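# Breakdown of the fold
Here are the chains, one letter per residue:
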Amino acid sequence: MRNRLEEIRKAKGITQEQLAAALNVSRQTIGSLENGRYNPSIILAFKIARYFDLSIEDIFIYEEDAEL
Amino acid sequence: MRKGIGIYALLSSTGLMLLLWGLFSDNPMQTGILVSVGIIVLGFSAAKGAPLLTSKEADKESSVIEWHDERNIVIREKASWYAGMTTIAAMSVSAFALVMANQFVGAWVIAGLLLLYSLSIILFAAYFSKKL
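So, here's what we can say about the structure. This structure is a prediction, so every number in the text was calculated from the model and none was measured.

## Describing the overall build of chain A
- Of regular secondary structure, chain A possesses six helices and two strands.
- Ordered by position in the sequence, the α and β elements of chain A form the string β-α-α-α-α-α-β-α.
- Here chain A, with 68 residues, has 40% of them falling under the buried criterion.
- Counting only contacts in chain A whose residues sit at least 6 apart along the sequence, the fraction spanning at least 24 positions is 53%.
- Surface accessibility of chain A: about 4200 Å² in total, with carbon and sulfur atoms responsible for 48%.

## Some details on the interface of chain A and chain B
- Every contact between the two is made by ten residues of chain A and, on the other side, seven residues of chain B.
- Buried surface at the junction of chain A and chain B, summed over both partners, amounts to about 720 Å²; 46% is from carbon and sulfur atoms.
- For the chain A face of the interface with chain B, the top three residues by lost area are A:N24, A:S26 and A:Y38, together amounting to 50%.
- Seen at the junction of chain A and chain B, the total is five residue pairs in polar contact (both at pLDDT 80 or more).
- It is helix α3 (residues 27–35) of chain A that contributes the most residues to the side of chain A that touches chain B, three residues altogether.
- Counted by class, the side of chain A that touches chain B contains four nonpolar, six polar and no charged residues.

## Brief notes about α3(A)
- Those residues of α3(A) that sit buried are A:T29, A:I30, A:G31, A:S32, A:L33 and A:E34.
- Two residues or fewer past α3(A), A:G36 is found with a positive phi of approximately 80°.

## As for empty space enclosed by the protein
All names here are of chain B.
- According to the stated counting rule, one finds one cavity of 30 Å³ or more in the structure shown.
- Each pocket or cavity is described by its volume, and for the largest cavity that value is around 40 Å³.
- In terms of lining residues, the largest cavity is bounded by I39, L42, G43, A46, L115, S118, L119 and I122.
- Among the secondary structure elements, those contributing two or more residues to the lining of the largest cavity are α2 (28–54) and α5 (107–131).
- For the lining of the largest cavity, the class distribution of residues is six nonpolar, two polar and no charged.

## Let's talk about the nonpolar core
- With 18 residues, the main nonpolar core has A:I48, A:F52 and A:I59 as its most contacted residues.
- Within the residue set of this core, elements represented by two or more residues are α1 (5–11), α2 (16–23), α3, α4 (42–51) and α5 (56–59) of chain A.
- With near-sequence residues (within four places) excluded, A:I59 lies in contact with A:R2, A:N3, A:R4, A:L5, A:I8, A:I48, A:A49, A:F52 and A:L54.
- B:L19, B:V35, B:I39 and B:A111 belong to the second largest nonpolar core, which has five residues in total.

## Structural notes on the packing of α2(A) against α4(A)
Residues and elements named next belong to chain A.
- One can describe the packing of α2 onto α4 by two numbers: an axis separation of 10 Å at closest approach and a directional angle of 115°. For the element pair α2 and α4, the recorded crossing hand is right-handed. Along the contact surface, α2 presents L19, A22 and L23, while α4 presents L44, K47, I48 and Y51.
- Split by residue class, the contact of α2 with α4 holds six nonpolar, no polar and one charged.

So, how was this worked out
- Residues numbered from 1 in each chain as written.
- Chains lettered and ligands numbered in written order.
- Predicted model: local features only at pLDDT ≥ 70, side-chain atom pairs only at ≥ 80, totals over all residues.
- Heavy atoms only, no water.
- Helix = DSSP H or I, 4+ residues; strand = E, 2+ residues; numbered from the N terminus.
- Buried < 20%, exposed > 50% of the residue type's maximum accessible area, 1.4 Å probe, protein only.
- Contact = heavy atoms within 4.5 Å.
- Areas by Shrake-Rupley, 256 points an atom, 1.4 Å probe, with all protein chains shown as cover.
- Buried area = accessible area lost by both parts, 1.4 Å probe.
- Polar contact = N/O pair within 3.5 Å; in protein donor to acceptor, adjacent residues only side chain to side chain.
- Nonpolar A, V, L, I, M, F, W, Y, C, P; charged D, E, K, R; others polar.
- 1 Å grid on protein atoms, 1.4 Å probe; cavity = no way out; pocket = protein on both sides within 12 Å on 5 of 7 lines; lining within 4 Å.
- Points joined across faces, edges and corners; volume = space filled by probe spheres on them.
- Core = buried A, V, L, I, M, F, W, Y, C linked by side-chain atoms within 4.5 Å.
- Axes fitted to C-alpha atoms, helices over the stretch in contact; angles between N-to-C directions.
- Left-handed = near helix turned anticlockwise from the far one by under 90°.

These values are about where atoms sit, not about what they do.
Structure below.
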């Protein structure tokens, strides 16, 4: 799964620390999400989407081939 | 020095002393009791004290966030699973080796395995927590 988290976060001028604090997760989790090393739970995906006032699909792009 | 580390260091030393005292005792019953209590005290203090040595200084709030962080939870679960599996494999080999050595019989085998088990869990859990 790809995501546009880093791009959206930077466009809003928010640091990883600020986003992590707002979502109650560690900064490392934000870093891992942005690098694509970690896929979030559905709850965290909703929290991120709501934080940026976007839909989950606007941020996370599911690629079926990549999951196979 | 981190808070509480002194108590666990003292407990570790006590556990080690009890263990050594038991090892060099001539009375088999005394040996069994001292070695068992020593291992329990050493294992408990090591398990409680090791996180204090390896963890970074952080305020309480960030520690709570780190503990409940979903990625950290996944890593801990994976680390526990790998540590458990690796320990089981290591236990099988070490049990075989101890029995084959034929020097450690009865309580010695159990004491040795308990000690190996405690240390393996702590070491592998720490190793896989970093690696995964």
